[in-house]
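So you can see what is in the structure, the chains are spelled out below.
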Amino acid sequence: MSERAYDHDRLRQFLAGEAAGEGLSRRNVLRMLSVAAGLAAAGAGAAAGIAHAAGKPGIVKPLPAELFTVRDTNAETNWAALRGTGYHTPVDRFFVRNHTSTPVLDPARWRLTVWGGGLRGRPVEFSYDDLRSLPAVTSSACLECAGNGRSYYGSQQGDRVTGTPWTLGAVGAARWRGARLSDVLRAAGLSRRAVDVMPRGLDPAYTAGGTDYGHVRRPLPVAKALDDVLLAYEMNGRPLLPDHGCPARLVVPSWVGIASVKWVGDIEVSDRPLFSPWNTVFYRLFGSAYPPGGSAPLTRQPVRSAFEAAPGAAFAAGRGHRLTGRSWSGGGGVRRVEVSTDDGASWREARLHDAPRPGGWVRWSTHWHPREPGPARLMARATDTSGATQPLRSVPNDQGFFFDAVVRHPVRVV
Ligand code: MTE
């Protein structure tokens, strides 16, 4: 079944009340939707609602101010820190998106349980060594939060949305190594009846606005699970750090970051469609441009571009400068990037330094020779191999997902 057909089917089943698992009746989901709408009305700060001490985001690795901007329980990569870093994002500057806090788990004591009506037999347990004894594959892929760029709905378009006010630093590319999820599922006795698989994280349960949503979990269609998904235990040649999912996490290339569940403790394999708040209340598009029940659950990431420069960076007038950046898309590799330095009046093609590759990004550069001192804006617009191009304005949604418009990056010519 194609992804689009799957999404439509699931949305129809969800609206018809056919949700399975964890007591998620349609009535419950509709109640949760109204909680989410309440959170939307309450404003951005309320959406997080996590108790944690100020300045302590629950992240283990150091978060120096030159590399990260801390946003509540999350750490955003500063784009200027990626200049000159090569294709893969070094782990010391890879963004962290935590619903609650990083659990520190011992790989030797960790177990993964695969269970459910979509298996031929009883639940099967895997140790860390079991996982590592399956054939290992290595894959380069971007990981990105669906809410990346959210703050520009407000600052660039005047739209009111809720959620972590990321600029463009909730994205990174890594070389992941692990077992194929398909090998794990087959070793567990996957049956032909299986429809959905739902990995669940071992991090603390997520509570917001007085509702306990339980552990982070989100169903994946079996077709995607058997395609290119990894159960990764290494990132850029080293065991995963606690913040990125140690001992093991899913890596779901091209899809919204929430699909790449960290600290996986169990995977339900179901012969019926599965639902969780992460594909009903969150990570769907709600708002005036969408049906009352919201869009289908989000899957592939949109096209985006960023300059490797700090906001407000200074460039000397009357001199040549090399501007660098990266573009990526869940819809296919990026095949063209255009840059404008005159507020969109004219565009020139940037030079691409990587071939378009599904799931990856391309690095690019262009030359700029600003003449007059004063404020300026850098704009980059990418097109992917499916033909999708970044628009000048994004259609807003209440939770501020999928901001794909060209960002006006403010700089100063001095
Ligand atoms: N998995 C668990 N268990 N808990 C989480 O909070 N956050 C998700 C995903 N997996 C999350 C999770 C989201 S929204 C994103 S964008 C990615 O992890 C971020 O991965 P990273 O922190 O390694 O960059």
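Sequence order sets the numbering: in each chain, residues are counted from 1 along the sequence as written. This being a predicted model, a pLDDT of at least 70 is required before a residue's local features are given, and a value of 80 or more before pairs of side-chain atoms are given or counted; all residues contribute to the totals for chains, interfaces and linings. The basis for every side-chain value is the complete set of non-hydrogen atoms in the structure, without hydrogens or water.

Under the annotation held in an unreviewed UniProt entry, the chain carries the name Sulfite oxidase and is attributed to Streptosporangium nondiastaticum. Annotation of the chain in UniProt includes, under Cofactor (unreviewed entry), the sentence "Mo-molybdopterin". UniProt positions are given in the numbering used here, feature names are shortened, and annotations may be inferred rather than shown by experiment.

**Some thoughts on the overall build of the chain**
Per the convention used, a helix needs a DSSP run of H or I reaching at least four residues, while a strand needs a run of E reaching at least two, with both numbered from the N terminus. Helix and strand content of the chain: eight helices and 23 strands. Burial analysis of the chain (414 residues in total) assigns 57% to the buried set. By definition, residues are in contact when any of their heavy atoms lie within 4.5 Å. Considering only residue pairs separated by 6 or more positions, the chain has 72% of its internal contacts joining residues 24 or more positions apart. Within the structure as shown, the chain displays about 16,600 Å² of accessible surface, and the carbon and sulfur contribution to it stands at 52%. Residue burial is assigned from relative accessible area. The probe radius is 1.4 Å, only protein chains are included, and a residue is buried under 20% of its type maximum, exposed over 50%, and partly exposed in between. Computed with a 1.4 Å probe, the accessible areas rest on the Shrake-Rupley method; for each residue, only the protein chains presented here act as cover.

**A few points about the site of the ligand**
Taken together, the neighbourhood of the ligand is formed by 21 residues, with Phe 95, Asp 203, His 244, Arg 249 and Lys 262 sitting nearest. The backbone of Phe 95 places a nitrogen or oxygen atom 2.7 Å from an oxygen atom of the ligand. In protein, a polar contact means a hydrogen-donor-capable atom and an acceptor-capable atom, both N or O and within 3.5 Å, with residues adjacent in sequence counting only if both atoms are side-chain atoms; elsewhere, any N or O pair within 3.5 Å suffices. In this structure, an oxygen atom belonging to the ligand sits 2.9 Å away from a main-chain N or O atom of Arg 97. Across the complex, the protein chains shield 100% of the 530 Å² of accessible surface that the ligand would expose by itself. Here the shell around the ligand is built from residues that sort into ten nonpolar, six polar and five charged. Throughout, the term near means that a residue has one or more heavy atoms lying within 4 Å of the molecule or strand in question. Each residue gets one label: Ala, Val, Leu, Ile, Met, Phe, Trp, Tyr, Cys and Pro are nonpolar, Asp, Glu, Lys and Arg are charged, and the others, such as Gly, are polar.

**Some points on the confidence of the model for the chain**
pLDDT expresses how confident the predictor is about each individual residue, on a scale running from 0 to 100. Of the residues in the chain, 86% reach a pLDDT of 70 or more, and the chain-wide mean stands at 90. In the predicted structure, residues 17–54 sits below a pLDDT of 50 and forms 69 contacts with residues beyond four places in sequence or in another chain.

**Focus: the side chain of Arg 304**
Secondary-structure assignment places Arg 304 in strand β15 (residues 304–307). Residue Arg 304 is classed as buried on the basis of its relative accessible area, which comes to 1%. Within the local environment of Arg 304, its side chain forms a polar contact with the side chain of Glu 144, the two groups lying 2.7 Å apart. A polar side-chain atom of Arg 304 sits 3.1 Å from the main-chain carbonyl oxygen of Asn 148.

**Some thoughts on the sheet that holds strand β20 (residues 351–352)**
In sheet architecture, strand pairing relies on hydrogen bonds along the backbone and comes in two forms, parallel and antiparallel. For two strands to pair, DSSP has to find at least two bridges joining them. The four strands are arranged β15-β17-β21-β20 in an open sheet whose pairing can be described as antiparallel. Only two strands of the sheet have a single neighbouring strand rather than two, namely β15 and β20. Relative to strand β17 (residues 321–328), β15 runs antiparallel, the two sharing four bridges. Looking at β17, one finds that Ser 305 is bridged to Ser 327.

**Comments concerning the sheet that holds strand β10 (residues 220–221)**
Judged by pairing direction, the sheet is mixed, and its five strands sit side by side in the order β4-β3-β14-β7-β10 without closing on themselves. Whereas interior strands pair on both sides, the edge strands pair on one side only; in this sheet they are β4 (124–127) and β10. In terms of strand pairing, strand β7 (residues 196–201) meets strand β14 (residues 264–270) through six bridges, oriented antiparallel. Of the residues in β14, the one forming a bridge with Pro 199 is Ile 267.

**A few points about the packing of aromatic side chains**
Here a pair means two rings of Phe, Tyr or Trp (six-membered ring of Trp) with centres within 6.5 Å. Their orientation is stacked below 30 degrees between planes, edge-to-face above 60, and tilted elsewhere. The full count for this structure, using the stated rule, is 18 aromatic pairs. Both rings, one in Tyr 206 and one in Phe 282, keep their centres 6.1 Å apart while their planes meet at 70°; by these two values the pair is edge-to-face. With a gap of 76 residues between them, Tyr 206 in strand β8 (residues 206–208) and Phe 282 in the loop between α8 (277–280) and β15 connect regions that are remote in the sequence. A ring pair is formed by Trp 278 and Phe 282, whose centres lie 6.0 Å apart and whose planes are at 55°; its orientation type is tilted. By relative accessible area, Phe 282 is classed as buried at 10%. Through a chain of ring-to-ring contacts, three or more aromatic side chains come together here, namely Phe 94, Phe 95, Trp 166 and Trp 176. Geometrically, a lysine NZ or arginine CZ counts as sitting over a ring once it is within 6 Å of the ring centre and also within 35 degrees of the ring normal. In this structure, Arg 381 packs its charged tip against the face of Trp 347, placed 4.0 Å from the ring centre.

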